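# Breakdown of the fold
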Amino acid sequence: MFLTTVGLGIATFGATVLFTAPPVFGQVHKLSDRLRHEEAIRQVLARFERAFEERDAKICAGEFVDDAEWENDYGSREKGRANIQRRLADIYSVVRYPKQQIIEWRIRFITDDVAVADLDREILEQLDPEESVRYAARKIRTTHILKRDDGKWQVVILRVAELRAPREIP
């Protein structure tokens, strides 16, 4: 009898929460939207990574908005999808990255239509243009600022930064 009473109490409480607390369901619905949008952003970034590995500047640039900004860890800057595509094609023709691995992905929504995605990665066995010199492994972070227009996520700004070992600031 006691268990039946407890069970009914829990069921009653659950039904009360279920039917009298729409804000909770709004938050759950919003969470499911966020998860859906996060997955869409991950797909954008995965296409970008695949194109990077395949050295396809056109596909990479296709993930940017028309007036996007791009800056790499050597200080090169470009504005506009067409300029970014040209610069990436130049880089891809010179620099070889035979191996890289993504260490961590982080996505943070600023608004429902703006997100920041950080990808930390390690580049291994980077080669010179003649593929005769291997550079030391290095870690970089790409920071993508994305926006959603008409349901489609695209990169507005991409910054690449070299990551160094943390140290105390004097």
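Residues numbered from 1 in each chain as written. Predicted model: local features only at pLDDT ≥ 70, side-chain atom pairs only at ≥ 80, totals over all residues. Heavy atoms only, no water.

### Brief notes about the overall build of the protein
Our working rule: Numbering of helices and strands runs from the N terminus, with a helix taken as a DSSP run of H or I at least four residues long and a strand as a DSSP run of E at least two residues long. A simple rule labels every residue: compare its accessible area, found with a 1.4 Å probe on the protein chains alone, to the largest value its type can have, and call it buried under 20%, exposed over 50%, or partly exposed in between. Note on contacts: a residue pair qualifies if any of its non-hydrogen atoms lie within 4.5 Å across the two residues. Per-residue accessibility takes into account occlusion by the displayed protein chains alone, with areas from the Shrake-Rupley method and a 1.4 Å probe.
Helices and strands together make up the secondary structure of the protein, namely four helices and six strands. Listing each helix as α and each strand as β along the protein from the N terminus yields α-α-α-β-β-α-β-β-β-β. Across the 170 residues in the protein, those meeting the buried criterion constitute 29%. Look at the contacts in the protein between residues 6 or more apart in sequence, and 50% of them connect residues 24 or more apart. Summed over its atoms, the accessible surface of the protein is roughly 11200 Å², and 56% of this surface lies on carbon and sulfur atoms.

### Here we look at the pairing of strand S6 (residues 152-163)
Rules: Strand pairing is assigned whenever DSSP identifies at least 2 bridges connecting the two strands.
Two strands pair when backbone bridges link them, and strand S1 (residues 64-71) and S6 are joined in this way by four bridges, in the parallel orientation. Residue pairing in the sheet places Phe64 in a bridge with Val155 of S6. Inspection of the sheet shows strand S5 (residues 138-149) paired to S6 by 11 bridges, in the antiparallel sense. Among the inter-strand pairings, Arg141 is bridged to a residue of S6, identified as Ala161.

### Focus on the side chain of Asp118
This is how it is decided: Polar contact is the term for a pair of N or O atoms within 3.5 Å; when the atoms are in protein, one must be able to donate a hydrogen and the other to accept it, and sequence-neighboring residues count only if both atoms are side-chain atoms.
As for its placement among the helices and strands, Asp118 is situated in strand S4 (residues 114-124). Side-chain polar atoms of Asp118 contact the side chain of Thr143, separated by 2.5 Å. Among all residues touching Asp118, those that are not within four sequence positions of it are Glu104, Trp105, Arg106, Arg141, Thr142 and Thr143.

### Focus: the environment of Gly151
Along the polypeptide, Gly151 turns up in the loop between S5 and S6. As for Gly151 and Asp113, which are separated by 38 residues in sequence, their C-alpha atoms are 8.9 Å apart.

### With respect to the pairing of S5
Alignment of S4 against S5, held across 10 bridges, turns out to be antiparallel. In the strand pairing of S5, Arg121 is matched with Ile140.

### Describing the sheet that holds S4
The pairing of strands in a sheet happens through backbone hydrogen bonds and is either parallel or antiparallel. Note the cut-off: For helices, the fitted line uses only the C-alpha atoms of the stretch in contact; every axis is such a line through C-alpha atoms, and the angle between N-to-C directions lies from 0 to 180 degrees.
Reading across from one edge, S2-S1-S6-S5-S4-S3 is the order of the six strands in this open sheet, with mixed pairing throughout. In this open sheet, the two strands that pair with only one neighbour each are strand S2 (77-79) and strand S3 (99-111). Neighbour to neighbour, the strand axes of the sheet diverge by 15° on average, direction disregarded. In this structure, S3 lies alongside S4, joined through 11 bridges in antiparallel fashion.

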